[in-house]
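Fold and contact review
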Amino acid sequence: KAKEEEEEGGAERMIGQAYFCSRREALLYGDSFHAWHQHLGDEVLRLDYALLNARSTVVDVGAHTGRWAKQVGERYNCTLHLFEPIPEHVERSRALLSTLGSKASVHPYGIAGAER
């Protein structure tokens, strides 16, 4: 299955297990960028936390729409606390995480060193 995505700096293409990046990305990230995609980092490695379990608490600061937190919550059955200041993202996160019940809480504010 082929997928094309436009990102700042150039186009990316994923075909089967092969990942093609822009010249800019290759220069910026080198071998680590290719290794991440070769090992399916977005699908596997970003969710691989050996010490997480059902007794763990995960804090996601800048949770965006909660997609990563939901995947972690489903995989480890852990308690989740998401912090997201953008109201539209808060609502999307709450809707997405509703299946996790009381194991997931979305807090409608950001975390920073100063109040703005």
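These remarks concern the structure in this document. Values in this document were obtained by computation on a predicted structure and should not be read as measured data.

With that out of the way, let us pick up the nonpolar core. Core analysis: the largest hydrophobic core is formed by 15 residues, its most contacted members being Val58, Val72, Cys78, Leu80, Leu82 and Leu97. Going through the elements one at a time, helix 2 (67–76), strand 5 (79–83), helix 3 (87–97) and strand 6 (104–107) are the ones with two or more residues in this core. Per element, the largest residue contribution to this core is 3 residues, and it comes from helix 2. Setting aside residues no more than four positions away along its own chain, Cys78 makes contact with Asn53, Ala54, Ser56, Val58, Val72, Gly73 and Lys103.

This part takes up the sheet that holds strand 5. Judged by pairing direction, the sheet is parallel, and its 3 strands sit side by side in the order 4-5-6 without closing on themselves. In this open sheet, the two strands that pair with only one neighbour each are strand 4 (57–61) and strand 6. Across the sheet, the mean angle from the axis of one strand to that of its neighbour is 15 degrees, orientation sign disregarded. Bridge count between strand 5 and strand 6: 4 bridges; the pairing is parallel. Its bridge partner being in strand 6, Leu82 is matched across the sheet by Val106. Sheet strands touched by helix 2: strand 4 and strand 5. Its angle to strand 4, the strand with the most contacts, is close to 170 degrees. Contacts from helix 3 reach strand 5 and strand 6 within the one sheet, and its direction differs from that of strand 6 by about 175 degrees.

Criteria and cut-off values
- Residues numbered from 1 in each chain as written.
- Predicted model: local features only at pLDDT ≥ 70, side-chain atom pairs only at ≥ 80, totals over all residues.
- Heavy atoms only, no water.
- Core = buried A, V, L, I, M, F, W, Y, C linked by side-chain atoms within 4.5 Å.
- Buried < 20%, exposed > 50% of the residue type's maximum accessible area, 1.4 Å probe, protein only.
- Helix = DSSP H or I, 4+ residues; strand = E, 2+ residues; numbered from the N terminus.
- Contact = heavy atoms within 4.5 Å.
- Pairing = 2+ DSSP bridges.
- Axes fitted to C-alpha atoms, helices over the stretch in contact; angles between N-to-C directions.

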